Amino acid sequence: MSDLIRVPILQIEQFLVASIQVPLHDSSAVQFRDDLLTEIHRTRARGLILDMTAMDVVDSFLGKLIGDVAEMAGLMGATVVITGLQPAVAITLVELGLSLEGVVTALNLEKGMAYLRRRLAQEEAGYE
Amino acid sequence: MAHFLSLTEKDKAALHQCAPLLRTHLEELYQQRMALLSQAEELPPGPQGREGALLASFIHQAMEAFVEALATDDGLENYLGRSRIQEEVRTQIKAGMGFNVLMVGIASNQQVVVPFIVEQLADQPALRRDALQALLRFYAIESALFGQCYIAEKERVILETQERIIAVQKQAIQELSSPVIQIWEGVLVLPLVGAIDSERARRMTEGLLTGIKDHQAEHVIIDITGVPVVDTSIANHLLQAIRAARLLGAHCLLVGINAEVAQTMVHLGIDLSGVITRANLQAGIEYVLARMGLGVEPLNKR
Amino acid sequence: MNERRIPIRSDLDIVNARVGARDLAKALGFGIIDQARVATAISELARNIVLYAGSGEVLLRRVHDGRRVGVEAICVDQGPGIPNIELAMQNGYSTSNGLGMGLPGTKRLMDEFEIESAPGQGTRVTIRKWLR
């Protein structure tokens, strides 16, 4: 059993923020997904930002995992925003055939937060 | 079936028999050849040409190699082989020697060796006949091969030069064209002009994403008014670019599809569903501004 | 270093292969986007080794074709082999666990892609990318 890397999950305003800083091997990625969903459930968070700024390579495993997290979190009432994808990673994922349609994206953490705030405000005003 | 330009077994046997004779008289033949060459107008003056020690050393080595080659089947095959001759041609061209010089080389060899064989084998008419026939064919083959290799090498050099020029020009064009233009805070325009191949599409995508990052853009208007033909491949490149841009949080809008392009796209079954399109740049800008909650109106309102 | 052999036995090694590939591509002068393509392609192939064969090896090296410099990866395993390569090379093909082999995507990322595999004979995938 390999040493699992645990990615810290922070709470900022009423959202969760996790930033992947190191290459994640598959088992750690799976653990990360589980941790995220557990935290969303625990905190009843309405939004989660997954920051990928430090990742210069994202392969299909992690790409699909991110898509899964967004879908699963959505079922739990939380909007996931993927931020900080690098151009090299974006191009590679698209060439692999993983466009992550249906997953909200933003250039960086600030824009991601801005989006979540707007969206939360809209939802609370009844514009679901 | 044997090739026309090749030595027969009989030729080779005759040449093998001549080899020892030529080897014994090598120095004498070499002197005769140098005498001929010093008169050759085709050779340039200077150290590599008529007067030079360089030529002398070259010719001596050449004669040794020639005599050596005649002695065995392998020797002949190698001597009349494309790789040796190609190398020879390449070296000569690099040294600035023209085709005439190569031919003078062969001719001077022939003009020295043939009379020698005629005289030396006077008492062996059968062998003399076979040897002369073999030498005739030998020199014909050598000349033909030199000709072919010379032409091939020249063409190769021309092609290489052309490719280099094209690469340099391409670079210059790329450096001149600026991929993205920011027309409003967070709004980019990417005008595409001309034919788009894979290479250009790749560069366009990279430039687009860099532009989105640099300008923190959330909207991009891709204007293909200037693209004459949009086939499946180009459409795919555009879709890839748009998908990649979306992963950076930017929404792309496609404008400038004219009637012909629209027809082609439908005929080819290109699916642009999911991509917002507008007729032209102005319509695109209006759309984007509206999405941002902005509009354009006259300054003096009544 | 022009050549590096990475044994693949677990998902940790997938990361080793990915990082090794990225580093080699970077050392050879590939831009960051091509570095990502190369690293991703090798990551996919290394994962296939873990998923389908249990263990194998990735050989990374610098190659030269007389004109250009490139990076090459040879991914080998003694696993069960691929019964139908043509099928595996089709877009959208996926095995029972839904992960799929990612071969068409890997091919798209690289310049050259060669695969040899047969049931009982293991699998060998060779990929290359040339510096422009």
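For the structure itself, look to the data block above.
What counts, and where the lines are drawn
- Throughout this description, residue numbers start from 1 for each chain and increase along the sequence as written.
- Chains carry letters from A onward and ligands carry numbers from 1 onward, assigned in written order.
- Given that the model is predicted, a residue must reach a pLDDT of at least 70 before its local features are reported, and side-chain atom pairs must reach 80 or more before they are shown or counted; all residues, however, enter totals for whole chains, interfaces and linings.
- Helix and strand definitions follow DSSP, with helices as H or I runs of at least four residues and strands as E runs of at least two, each counted in order from the N terminus.
- We call a residue exposed when 12 or fewer other C-beta atoms sit within 10 Å of its C-beta, buried when the count reaches 20 or more, and partly exposed for counts in between; the C-beta positions come from the backbone.
- By the criterion used throughout, residues are in contact when their C-beta atoms, derived from the backbone, lie within 7 Å.
- Crossover handedness is defined here as right-handed if the route from the first strand over the helix to the second strand goes clockwise, with the strands pointing away from the viewer.
- Here, strands pair whenever DSSP counts at least two bridges between them.
- When residues are grouped by polarity, Ala, Val, Leu, Ile, Met, Phe, Trp, Tyr, Cys and Pro land in nonpolar, Asp, Glu, Lys and Arg in charged, and all others, Gly among them, in polar.
- The axes used here are C-alpha line fits, helices contributing only the stretch in contact, and every angle between their N-to-C directions lies in the interval 0 to 180 degrees.
- Think of a nonpolar core as buried Ala, Val, Leu, Ile, Met, Phe, Trp, Tyr and Cys residues chained together by C-beta atoms that fall within 7 Å.
- Take the number of residues in a helix, subtract one, and multiply by 1.5 Å to get its expected span.

Asker: What am I meant to see in the overall build of chain A here?
Answerer: Across its full length, chain A carries four helices and five strands. In chain A, the succession of helices and strands from N to C terminus is β-β-α-β-α-β-α-β-α. Among the 128 residues that make up chain A, the fraction classed as buried is 48%. Considering only contacts within chain A whose residues lie at least 6 apart along the sequence, 78% involve residues at least 24 apart.

Asker: When you look at the pairing of strand β4 (residues 79–83) of chain A in this model, what are you seeing that I'm missing?
Answerer: The side chains of a regular strand alternate between the sheet's two faces. Residues and elements named next belong to chain A. Summarising burial for β4: four of the five residues are buried, a large majority. Taking the sense of rotation as the criterion, the β-α-β connection linking strand β3 (residues 47–51), helix α2 (residues 60–75) and β4 turns out right-handed. Here three bridges tie β4 to strand β5 (residues 104–106), and the two strands are oriented parallel to one another. In the strand pairing of β5, Thr-83 is matched with Ala-106.

Asker: What's the story with the interface of chain B and chain A in this structure? I'm lost.
Answerer: Opposite the 14 residues of chain B that make contact, chain A presents 13 residues. Looking at the side of chain B that touches chain A, the elements with two or more residues in it are α8 (198–215) and α9 (232–247) of chain B. The biggest single contributor to the side of chain B that touches chain A is α8 of chain B, with six residues. Broken down by class, the residue content of the side of chain B that touches chain A amounts to five nonpolar, five polar and four charged.

Asker: Sorry if this is basic, but what is going on with the interface of chain A and chain C here?
Answerer: Between chain A and chain C, the contact holds 18 residues from the first and 22 residues from the second. For the side of chain A that touches chain C, the secondary-structure elements that each account for two or more residues are α1 (26–43), α2 and α3 (87–96) of chain A. Looking at the side of chain A that touches chain C element by element, the count peaks at seven residues for α3 of chain A. Of the residues contributing to the side of chain A that touches chain C, the split by class is eight nonpolar, six polar and four charged.

Asker: What is the right way to look at the sheet that holds strand β1 (residues 181–184) of chain B in this model?
Answerer: Residue and element names in this part refer to chain B. Strands sit in the order β1-β2-β3-β4-β5 across an open sheet of five strands; the sheet is mixed. Two strands close off the open sheet at either side, each with one partner strand: β1 and β5 (276–278). Between one strand axis and the next, the sheet turns through 30 degrees on average, direction left out of account. Sheet analysis places β1 next to strand β2 (residues 187–193), joined by three bridges and oriented antiparallel. Along β2, the bridge assignment pairs Gln-182 with Leu-188.

Asker: Mind showing me how you'd approach the pairing of β3 of chain A here?
Answerer: Residues and elements named next belong to chain A. Of all five residues in β3, five are buried; the element is thus mostly enclosed. Every second residue of β3 is oriented toward a common face, with Gly-47, Ile-49 and Asp-51 on one face and Leu-48 and Leu-50 on the other, all of them buried. Both strand β2 (residues 15–19) and β3 contribute to a ladder of five bridges, which runs parallel. What sits directly across from Phe-15, in β3, is Gly-47. Following the chain from β2 across α1 to the adjacent parallel β3, one finds a crossover that is right-handed. Bridge analysis of β3 against β4 gives five bridges, and the strand direction is parallel. By the bridge assignment, Asp-51 is partnered in β4 with Thr-83.

Asker: Would you mind going over the nonpolar core with me for this structure?
Answerer: Most often, soluble globular proteins keep nonpolar side chains buried together rather than apart. Ranked by size, the top nonpolar core spans 107 residues in total, and within it Leu-48 and Val-80 of chain A together with Val-220 and Ala-245 of chain B carry the most contacts. Looking at this core element by element, the count peaks at ten residues for helix α2 (residues 32–53) of chain C. Each residue touching Leu-48 of chain A, except ones within four places of it in the same chain, is listed here: Phe-15, Leu-16, Leu-36, Ile-40, Ala-73, Ala-78 and Val-80 of chain A. Grouped together as the second largest cluster of nonpolar side chains are 17 residues, Cys-18, Val-67, Ala-134 and Leu-135 of chain B included.

Asker: When you look at α2 of chain C in this model, what are you seeing that I'm missing?
Answerer: Each full turn of the α-helix corresponds to 3.6 residues, which orients residues three or four apart in the same direction. Residue and element names in this part refer to chain C. In this model α2 runs 31 Å from its N-terminal to its C-terminal C-alpha over 22 residues, within 8% of the 32 Å that 1.5 Å per residue would give. Burial of α2 is extensive: 18 of the 22 residues sit out of reach of the surface. In the stretch just after α2, Gly-54 is the one whose phi turns positive, near 90 degrees.

Asker: Sorry if this is basic, but what is going on with the sheet that holds β5 of chain A here?
Answerer: Across a sheet, paired strands are connected by hydrogen bonds in the backbone, their directions being either parallel or antiparallel. Residues and elements named next belong to chain A. Taking strand neighbours across the sheet as the criterion, the five strands line up as β1-β2-β3-β4-β5 in an open arrangement whose pairing is mixed. The sheet is open, and its two borders are formed by β1 (9–12) and β5, each paired with just one other strand. If you compare each strand with its neighbour and ignore which way they point, the axes differ by 25 degrees on average. Of the strands in this sheet, β2, β3, β4 and β5 are in contact with helix α4 (residues 109–124), which crosses β4 at around 160 degrees.

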